[in-house]
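This is what each chain is made of:
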Amino acid sequence: MAEYLADDLARAEIAAAGHEKINGLGFSARLPQLEQHIQHPGPGRKQLSRGELELGRGTAMLSTWGGGVEALPPLIHACRDLPDDPRPWNALAIARTRSEGRLTPEAMKLLQRAVELDPGYIPAVFNAAVLLVETGNVEQAHGVLDELDRRLGEGPGFPQLDGCYGFQTFSAPSLAACDGLRAAVAAGDPAAAPPHLRSDVI
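Here the structure is a predicted model, which means the values were calculated and not measured. (Residues numbered from 1 in each chain as written. Predicted model: local features only at pLDDT ≥ 70, side-chain atom pairs only at ≥ 80, totals over all residues. Heavy atoms only, no water.)

1. Let's talk about the side chain of Thr97
Heads up, the condition is: Here a helix means four or more residues in a row that DSSP labels H or I, a strand means two or more in a row labelled E, and each is numbered from the N terminus. N or O atoms within 3.5 Å of each other form a polar contact, as long as, within protein, one can give a hydrogen and the other can take it, and as long as residues adjacent in sequence are counted only when both atoms are side-chain atoms.
As for its position among the elements, Thr97 is in helix α6 (residues 86–100). In this structure the side chain of Thr97 is engaged in a polar contact, spanning 3.0 Å, whose partner is the backbone oxygen of Ala93.

2. Looking at the pattern of salt bridges
Under the convention used in this document: Here a salt bridge means any side-chain nitrogen of Lys or Arg lying within 4 Å of a carboxyl oxygen belonging to Asp or Glu. Think of it in three bands: with a 1.4 Å probe and only protein chains considered, a residue is buried below 20% of the maximum accessible area for its type, exposed above 50%, and partly exposed in between.
For the structure on display, the rule yields 5 salt bridges. The closest approach of N and O atoms between Arg50 and Asp81, which form a salt bridge, is 2.7 Å. Of this pair, Arg50 sits in helix α4 (residues 50–63) while Asp81 sits in helix α5 (residues 68–81), placing them 31 residues apart in sequence. Classification of Arg50 by relative accessible area gives partly exposed; the value is 45%. Where Asp85 meets Arg87, a salt bridge forms, and the shortest distance between an N and an O atom there is 2.7 Å.

Spelled out as structure tokens, the structure:
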């Protein structure tokens, strides 16, 4: 490279080639492409069904500003319009839990419905494991987590990963687990940590 930079002719040729390349990327050079796109437009964005729109609305609420109460109506509509889609059932389980401020058996039934519809749907499997831990069913959670590891090992695609992951909240069990973990660290005793957070148990 140094020998090219030391040569006046080589530098001029490099500069000219770069200038030509930049001009080729300019707006005027793209006018024929723009004209082609205008004359032959693509298929455009897929028209979403009412259920898909409601699912998107409810999911956005859960992921941003909305609480469970606000997300319930659109997600209930989504479950009615998309009864064979695991995503609204999974999201509705989270919305129910947030709206009631506690973990309920109904949330687990909704997650079970999602997993029955698609056993490879990772968010529902993950949420079921977390819900089991939060309710003290650690042994059952271990079995679900083993199944989750197996499914992740199969290399799931985006449709199997897309969804709400939502039970890591400030619930009493979560706070108790955090306190237990902090105490175990302070005491320097890993065995004192909550069982579901210990690598030797999991």
